[in-house]
Amino acid sequence: MCFSTIITMTMNQWSCLNFLNTTIVRNNKKIDLLCTPEEFKIWMTNEAQLNDAVTIQFSYLQSWIDSLNMLKEITNYRTELAEKLAAFMNGVISKEMLKERIETDLQQAAFILHFFKNKKIIVPTETHFEGFKSVILLHLYGLIETNDIEKLCHCANPDCILVFINKTGKRKWCSMKICGNRHKVERFSKKSTSKKQGDDIHKT
Ligand SMILES: [Zn+2]
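Residues numbered from 1 in each chain as written. Predicted model: local features only at pLDDT ≥ 70, side-chain atom pairs only at ≥ 80, totals over all residues.

Enquirer: Can you tell me about the overall build of the chain, naming the residues and giving the values?
Expert: Secondary structure assignment for the chain yields nine helices and six strands. A separation of at least 24 residues holds for 58% of the contacts in the chain among residues at least 6 apart in sequence. (Helix = DSSP H or I, 4+ residues; strand = E, 2+ residues; numbered from the N terminus. Contact = placed C-beta atoms within 7 Å.)

What follows is the structure, encoded as structure tokens:
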């Protein structure tokens, strides 16, 4: 499965989660989907199509994206964000504490308002990494504001590290195509094996 297919299939409505979901596990091996500046640029372009707010917010970062030559800062930040959300999901920190941490992280950030078709869009004035970080934090803030944070789930595949918003409470997989179908195939092959073993017992 290629990079952009995985990215598209696991896409949430929140950039902060899509950013986290750029690390996946396959055959017990951690795979980073953002290994080169080129991959990050593709991710940003993909993400910019998510909604008007992201389109505008990322457009302010375009010259930074174009001149990027290393991703260390970005991937380190992704680890930091993953730890923060894992702490919340595992009950180590409360929602109130998470809010405080976002507020602290955004303390130095400055924003402007951009009108897009009569809709206000909050855009960070920093146009480099700090601006990107602020956009991700704004989306995390949105996750709390809409209470989607309460529906944040890990994929039911224990080997998968992807997260998603379980809107209906019924969704189990990050993506049916990635983990759901694999589970179906495994269940089917287990069933066939035990049926075959049962048949063999009857024959003896
Ligand atoms: Zn999964």
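Enquirer: Before we move on, could you go through the nonpolar core and cite the residues and values that matter?
Expert: The biggest cluster of nonpolar side chains holds 24 residues, and the ones touching the most others in it are Cys16, Ile136, Leu162 and Cys174. Every element with two or more residues in this core is listed here: helix 2 (15–20), helix 4 (52–59), helix 8 (129–145) and strand 6 (163–165). Ranked by the residues each element gives to this core, the list is headed by helix 8, at six residues. Ignoring any residue separated from it by four or fewer positions in sequence, one finds Cys174 in contact with Thr10, Cys155, Cys160, Leu162, Phe164 and Cys179. (Core = buried A, V, L, I, M, F, W, Y, C linked by C-beta atoms within 7 Å. Buried ≥ 20, exposed ≤ 12 C-beta atoms within 10 Å, placed from the backbone.)

Enquirer: How would you sum up the packing of helix 7 (residues 95–105) against helix 8? Please name residues and give values.
Expert: Closest axis-to-axis distance for the helix 7/helix 8 pair is 10 Å, and the angle between their directions is 155°. Relative to helix 8, the element helix 7 lies roughly antiparallel. At the point where helix 7 passes helix 8, the crossing takes the left-handed sense. Contacts from Lys95, Lys99, Ile102 and Asp105 in helix 7 reach Leu137, Leu140, Tyr141 and Ile144 in helix 8. Here the residues of the contact of helix 7 with helix 8 sort into five nonpolar, no polar and three charged. (Axes fitted to C-alpha atoms, helices over the stretch in contact; angles between N-to-C directions. Parallel < 35°, antiparallel > 145°, perpendicular 65-115°, else oblique. Left-handed = near helix turned anticlockwise from the far one by under 90°. Nonpolar A, V, L, I, M, F, W, Y, C, P; charged D, E, K, R; others polar.)

Enquirer: Provide a residue-level description of the pairing of strand 3 (residues 111–116), including the pertinent values.
Expert: For strand 3, the buried fraction is low: zero of the six residues fall into the buried class. In terms of strand pairing, strand 3 meets strand 4 (residues 119–124) through six bridges, oriented antiparallel. The partner of Phe116 across the bridge, within strand 4, is Lys119. Hairpin connection from strand 3 to strand 4: two residues lie between these consecutive antiparallel strands, with Lys117 at a positive phi of about 45°. (Pairing = 2+ DSSP bridges.)

Enquirer: Lay out the pairing of strand 1 (residues 23–26) with the relevant residues and their values.
Expert: Pairing of strand 1 with strand 2 (residues 29–32) involves four bridges; the strand directions are antiparallel. For Val25, the partnering residue across the bridge sits in strand 2 and is Lys30. Following strand 1, the chain reverses through two residues before pairing antiparallel with strand 2; Asn27 in that reversal takes a positive phi of roughly 50°.

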